[in-house]
Structures are given as structure tokens and as C-alpha cells.
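Single-letter residue listing:
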Amino acid sequence: ATAAFASSSDVAADGLVERDGSRYKLWCWGERLRGVPQGWMFPIIPTSKLWDLWLDGDKSHGIQPLRFLKSFDVDRKLHSTRLSKARTVMNHILEMTGKDVVAIRALNMRDRDKLFADTFHMLSRELYPSKPEEYFLDPKTQELTFITVYDLLKSSQKRRRLNEE
């Protein structure tokens, strides 16, 4: 489930907002409260790193879990598009796990990382059905950026639709 800021009443007196039991910063720019500072750029990162930021955010910079961000939180269309692609990829991966975010966040980090690795392995097999098993054992496979995974997902869905016709 995602949450949006209904109003400034979500913000504590110290200027922080609570999400998943942790407190995160909010930034005011463009006449509204935002989940990221002005000029923040949605990073192009490996899907494994996105998994961590999606679930836990970037606590070192006070940025809440990325799943809570809305398109208005970022200040350029490019970053809004990246957020949308990240959401598509993460929703697909989360659906493949068969677990909800609360259950995943309750796991210890080792089990959470294993869940991601196992799920990403299944996803990779789905995206690259003709590749040999050795391909999926290569650590580089797990370093695919979420943008690449998004593009592969869309191509895979298009191929499936064409095959069904």
C-alpha cells in the first residue's frame, strides 16, 4: 500500500513525517511539501539497490521509502518517469514474491536479500527464456538496472500479447 501526504498535518512539529515506524524529512518547495529535496534526481541503479530503497528509503539523507513518493515529489518529468518505471518493476517483483511489503520488511536482512535474489532469478528466467542457467548465475545479471528490467518487462508483455493473438 502506498500513502500520500494529505496535508501538512502529517508533519510532526520537528518537520519530520513518520513512515513504517521511521521518521523522514520533508522538503517544502514549489509551494508544497515533498518527499525529496528540490533538485533530487531519481537514480538509475541496479534493481537490487532499488529493492532496498523501495522498502527502507535512504535514511542517511532522510528520504522515505521510494514507494511512498508521488510524481509531484520530483521536479522534472524525467524523474517522474523513472519513478513510474521503478513502481512498475517493484510492483511486479513484489507480486512475484507472494508477500506484501509489511511481511517483507519484517524479514531479517539476510532473508530479505535471499527473497530478492530468488525472485529476481525467477524474473530473469521469465525475461530471458532462451538463456542457459549459467547466465543467471553470473553476478552481473543481478546488477541490471531497473530501467533495463522495465524495458525487458514491457517487451516480454508485448511478445506475450502478440503470441496470444
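Residues numbered from 1 in each chain as written. Predicted model: local features only at pLDDT ≥ 70, side-chain atom pairs only at ≥ 80, totals over all residues. Heavy atoms only, no water.

Student: I tried to follow the overall build of the chain on my own but got confused; where do I start?
Tutor: Of regular secondary structure, the chain possesses six helices and four strands. Residues counted as buried form 39% of the 165 residues belonging to the chain. Put simply, 64% of the contacts in the chain that link residues at least 6 apart link residues at least 24 apart. Roughly 9,300 Å² of accessible area belongs to the chain as shown, and the carbon and sulfur atoms make up 52% of that amount. (Helix = DSSP H or I, 4+ residues; strand = E, 2+ residues; numbered from the N terminus. Buried < 20%, exposed > 50% of the residue type's maximum accessible area, 1.4 Å probe, protein only. Contact = heavy atoms within 4.5 Å. Areas by Shrake-Rupley, 256 points an atom, 1.4 Å probe, with all protein chains shown as cover.)

Student: Whenever I open this one, the environment of Arg112 confuses me. Can you help?
Tutor: Inspection of the secondary structure assignment puts Arg112 in helix 4 (residues 109–127). For Arg112, a relative accessible area of 4% corresponds to the buried category. If we skip the residues at most four places from it in the chain, Arg112 touches Trp51, Leu55, Asp56, Ile104, Arg105 and Leu107. A polar side-chain atom of Arg112 sits 2.5 Å from a polar atom in the side chain of Asp56. (Polar contact = N/O pair within 3.5 Å; in protein donor to acceptor, adjacent residues only side chain to side chain.)

Student: Can you help me understand the pattern of salt bridges in this one?
Tutor: Once the charged atoms of two side chains with opposite charge are near each other, the side chains can pair. One pass over the structure, following the stated rule, counts five salt bridges. Linking Asp56 and Arg105 is a salt bridge whose minimum nitrogen-to-oxygen distance equals 3.4 Å. With Asp56 in helix 1 (residues 47–56) and Arg105 in helix 3 (residues 101–106), the pair connects residues that are 49 residues apart, well separated along the chain. For Asp56, a relative accessible area of 15% puts it in the buried group. In this structure, Asp118 engages Lys114 in a salt bridge whose closest nitrogen and oxygen atoms are separated by 2.7 Å. Remark: Lys114 and Asp118 occur in helix 4; sequence separation between them is four residues, near one turn of the helix. By relative accessible area, which is 38% here, Asp118 ends up partly exposed. One connected set of salt bridges, linked through shared partners, spans Asp56, Arg105 and Arg112. (Salt bridge = Lys/Arg side-chain N within 4 Å of Asp/Glu carboxyl O.)

Student: How should I be thinking about the environment of Leu137 in this particular structure?
Tutor: As for its placement among the helices and strands, Leu137 is situated in helix 5 (residues 133–137). Given a relative accessible area of 61%, Leu137 falls into the exposed group. A C-alpha to C-alpha distance of 8.7 Å links Leu137 and His121, two positions 16 residues apart in sequence.

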